Amino acid sequence: MKKFIAFIAMISLLSSCGRSDRGELVGAEGKKWNSEKPYGMTLVSGGAFIMGKSDDDIANVKDAPTKTVTVRSFYMDETEITNSEYRQFVNWVKDSVIRTRLAIFADELGETPGNGGIGEYAFLNNDPEEMSPYDRYMYDNYYSFSGDYAGRKLNKRIDLADDPQDYPDEYYVEVMDSMYIPLEEAYNGHRTVDVDKLVFKYTYLDMENAAREKNGKRSDYIRTEQVNIYPDTTVWIKDFTYSYNEPMHNDYFWHTAYDDYPVVGVTWEQARAFCNWRTLYKNSYKKSRNQQMVNRFRLPSEAEWEYAARGGLQGATYPWGGPYAKNDRGCFMANFKPLRGDYAADQALYTVEADSYNPNDFDLYNMAGNVAEWVESSYDPNAYEYVSTMNPNVSDPKNQRKVVRGGSWKDVAYFLQVSTRDYEYADSARSYIGFRTVQDYLGVDSDISMNRR
């Protein structure tokens, strides 16, 4: 027994000789990581500010009493999410839905790559004999009896055929035909994609409930959402009775003339789906490069939004200071409804490009006007009385009233004030509500570090 122990000790000694840490506590080595500024975002250095109405509450709503709160550092989109950016999401979902339908049909027909036709779009892990040990194990234990084809790998190496004349076989034609509206519903020779087919499915962990409840398994708090992600373009007509807005309904979302304008007609649920897709899209790229994953994109909390909108100005009425909506040359500072309803007085009838007007001191555009913006928080008129003073947020899944901030092109100046609170229901879409995303800053921002020294 003593010889065996001595042998183990000798093996341990020899193995430690090959390490570079010389037996010191140097920490576990992880993947190499470099701080990366997300594209199109700016860093909002965290800090404390006075949240709420610092001036008289003209509307006498009494839902925003002053409260000193502190928020952590985060990245925020410099502009509202644009039509072009949201269309990238729509196109990705459309591409994935088509590829999934092709792969499932090929699977049902027993078609495989190499035979041409729809078989070229079959699942990559379709043949167990050609799988890696990991893929084979997952196939045998999970995918082979899964009814929804979860975990099966789509073949994205081959491009989809866009021109009907290039469709490879009748099975491909059948799948593509199922993606479009029925022929009898088309007019002017234009048959469009059936947007009801564009559904994005994602899962997330309900961390707040999981942390607060002592019992239950992890699987009890995994939530699955399926969201139809195409924006409601009819909002331009439904929001305004006895008004001619058909051109905006027809062209605003899809025409390239409006690429850089903020997307509207998006519900709170669709905005959250976009955030989850953006995280998935970025991390898919990171994974392909064997790089460290990024933390998730999300909607800002109400406190984060107000802190960012103020741009470091304490007690300001508007993102540019205030208390006026014009500068010293008599020019309006935002896109809204001025002068008792003269929409065009600010040089814009509807929305404007997302980077119009001057940014605030955090380099954020249109934090007042243009479109109001969804935030993560649920609306409670008494929230400021009980929320935490550190990263305050009201997240109540049962409360379908979600906060919108910043005012829009159709609002009077009161709604442009950085402290004004408003809400809309989570499943509602409006022609004057859009959104922007944020991402938590990893570590402590340098500005905060300097303040602590």
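Preceding block: the structure.
Residues numbered from 1 in each chain as written. Predicted model: local features only at pLDDT ≥ 70, side-chain atom pairs only at ≥ 80, totals over all residues. Heavy atoms only, no water.

What is the right way to read the overall build of the chain from this model?
Counting its secondary structure elements, the chain contains 11 helices and 12 strands. Within the chain, residue pairs in contact and separated by at least 24 positions form 70% of the contacts whose partners lie at least 6 positions apart. Taken as a whole, the chain presents about 25900 Å² of accessible surface, with 50% of it coming from carbon and sulfur. (Helix = DSSP H or I, 4+ residues; strand = E, 2+ residues; numbered from the N terminus. Contact = heavy atoms within 4.5 Å. Areas by Shrake-Rupley, 256 points an atom, 1.4 Å probe, with all protein chains shown as cover.)

So what exactly am I meant to see when it comes to the environment of Asn276 here?
Take Asn276: it is sitting in helix 8 (residues 268-288). On the basis of relative accessibility, which here comes to 24%, the residue Asn276 falls in the partly exposed class. As for Asn276 and Phe200, which are separated by 76 residues in sequence, their C-alpha atoms are 9.8 Å apart. For Asn276, the side chain forms a polar contact with the main-chain oxygen of Arg272, separated by 2.9 Å. (Buried < 20%, exposed > 50% of the residue type's maximum accessible area, 1.4 Å probe, protein only. Polar contact = N/O pair within 3.5 Å; in protein donor to acceptor, adjacent residues only side chain to side chain.)

Any chance you could explain the sheet that holds strand 8 (residues 372-378) here in plain terms?
Strand pairing in a sheet relies on backbone hydrogen bonds. The paired strands run either parallel or antiparallel. Read across the open sheet, the four strands follow the order 10-9-8-11; overall the sheet is mixed. Where the open sheet ends on each side, the last strands, each with one partner, are strand 10 (422-425) and strand 11 (433-434). Across the sheet, helix 8 lies against strand 8 and strand 9 (401-405), angled at about 85° from strand 8, the strand it touches most. (Pairing = 2+ DSSP bridges. Axes fitted to C-alpha atoms, helices over the stretch in contact; angles between N-to-C directions.)

Help me out: how do you make sense of the pattern of salt bridges in this one?
Tallied over the entire structure, the rule returns 22 salt bridges. The residue Arg87 makes a salt bridge to Asp259 at a minimum N-O spacing of 2.4 Å. Here the residue Arg87 occupies a position in helix 2 (residues 83-109), and Asp259 occupies one in the loop between helix 7 (246-251) and helix 8, the gap between them amounting to 172 residues. According to the relative accessible area criterion, Asp259 is buried, its value standing at 18%. We note a salt bridge from Lys238 to Asp232, for which the minimum N-O separation is 2.8 Å. Overall, the relative accessible area of 56% leaves Lys238 in the exposed class. One salt-bridge network, in which partners are shared between bridges, spans Glu302, Glu306, Arg310, Arg405 and Arg421. (Salt bridge = Lys/Arg side-chain N within 4 Å of Asp/Glu carboxyl O.)

What's the story with helix 8 in this structure? I'm lost.
Think of an α-helix as turning once every 3.6 residues; residues three or four places apart then point the same way. Taking 1.5 Å of rise per residue, the 21 residues of helix 8 would be expected to cover 30 Å, and the 31 Å separating its terminal C-alpha atoms lies within 8% of that figure. Trp268, Gln270, Ala271, Ala273, Phe274, Cys275, Trp277, Arg278, Thr279, Asn283 and Lys286 are the residues of helix 8 that are buried. (Expected span 1.5 Å × (residues − 1).)

Is there a simple way to think about the packing of helix 2 against helix 8 in this case?
When two helices pack together, their arrangement is given by the angle between the helix axes and by the axis-to-axis distance. Orientation of helix 2 relative to helix 8, taken along the N-to-C sense of each, is 75°, at an axis distance of 11 Å. Accordingly, the angle class assigned to the pair helix 2 and helix 8 is roughly perpendicular. Facing Glu85, Tyr86, Gln88, Phe89 and Trp92 of helix 2, the residues of helix 8 in contact are Gln270, Ala273, Phe274, Trp277, Leu280 and Tyr281. (Parallel < 35°, antiparallel > 145°, perpendicular 65-115°, else oblique.)

I would appreciate a short explanation of the nonpolar core in the present structure.
What tends to happen in soluble globular proteins is that the nonpolar side chains get buried as a cluster. Tyr86, Phe89, Ile229 and Phe435 are the most contacted members of the largest nonpolar core, which has 52 residues in total. Counting residues per element, the ones that place at least two in this core are helix 2, helix 4 (170-178), strand 5 (199-205), helix 6 (235-238), helix 8 and strand 8. Structurally, this core is a two-domain feature, drawing no fewer than three residues from each of domain 1 (36-81 + 228-442) and domain 2 (92-196). Look past the residues within four positions of Phe435 in its chain and what remains in contact with it is Glu80, Ile81, Tyr86, Val263, Val266, Ala271, Phe274, Leu299, Glu373 and Trp374. Counting residues in each nonpolar core, the second largest holds 25 residues, with Ala303, Tyr307, Tyr379 and Val394 among its members. (Core = buried A, V, L, I, M, F, W, Y, C linked by side-chain atoms within 4.5 Å. Domains from an automatic or database assignment.)

I would appreciate a short explanation of unusual backbone geometry in the present structure.
Excluding glycine, most residues fall at negative phi; most peptide bonds, likewise, are trans. A positive phi angle, close to 55°, is found at Asn60, a residue other than glycine. Looking at where Asn60 falls in the secondary structure, it is placed in the loop between strand 2 (47-51) and strand 3 (67-71).

I tried to follow the layout of surface pockets on my own but got confused; where do I start?
Rolling a probe over the atoms, with the probe sized like a water molecule, indicates the empty space that remains. Computed from the structure, the second largest pocket encloses a volume of approximately 1000 Å³. Lining the second largest pocket are 41 residues, with Pro38, Tyr39, Gly40, Arg278 and Phe297 sitting closest to its centre. Secondary-structure elements contributing two or more residues to the lining of the second largest pocket are strand 4 (74-77), helix 2, helix 8 and strand 12 (438-440). Here the lining of the second largest pocket takes seven residues from helix 8, the largest share from any one element. Taken together, the residues of the lining of the second largest pocket sort by class into 15 nonpolar, 11 polar and 15 charged. (1 Å grid on protein atoms, 1.4 Å probe; cavity = no way out; pocket = protein on both sides within 12 Å on 5 of 7 lines; lining within 4 Å. Points joined across faces, edges and corners; volume = space filled by probe spheres on them. Nonpolar A, V, L, I, M, F, W, Y, C, P; charged D, E, K, R; others polar.)

What's the story with the packing of aromatic side chains in this structure? I'm lost.
For any pair of aromatic rings, geometry is given as the distance between the ring centres together with the angle between the planes. Enumeration over the complete set of coordinates arrives at 35 aromatic pairs. Taking NZ or CZ as reference, Arg401 lies 4.8 Å from the ring centre of Tyr423, over its face. (Phe/Tyr/Trp six-rings, centres within 6.5 Å; stacked < 30°, edge-to-face > 60°. Lys NZ or Arg CZ within 6 Å of the ring centre and 35° of its normal.)

Just to check I follow, could you spell out the sheet that holds strand 7 (residues 297-298) for this structure?
Strand order in the open sheet formed by four strands is 1-4-12-7, and the pairing between neighbours is antiparallel. Looking at the sheet topology across the chains shown, the edges are occupied by strand 1 (41-44) and strand 7. The sheet contact formed by strand 1 and strand 4 spans four bridges and is antiparallel. Bridging across to strand 4, Leu43 finds its partner in Tyr75. In the packing of helix 9 (residues 302-310) onto the sheet, the strands contacted are strand 1, strand 4, strand 7 and strand 12, and the crossing angle to strand 4 comes to about 75°.

In this structure, what is going on with the side chain of Ser96? I would like to understand it.
Mapped onto the secondary structure, Ser96 falls in helix 2. Each residue touching Ser96, except ones within four places of it in the same chain, is listed here: Leu154 and Lys156.

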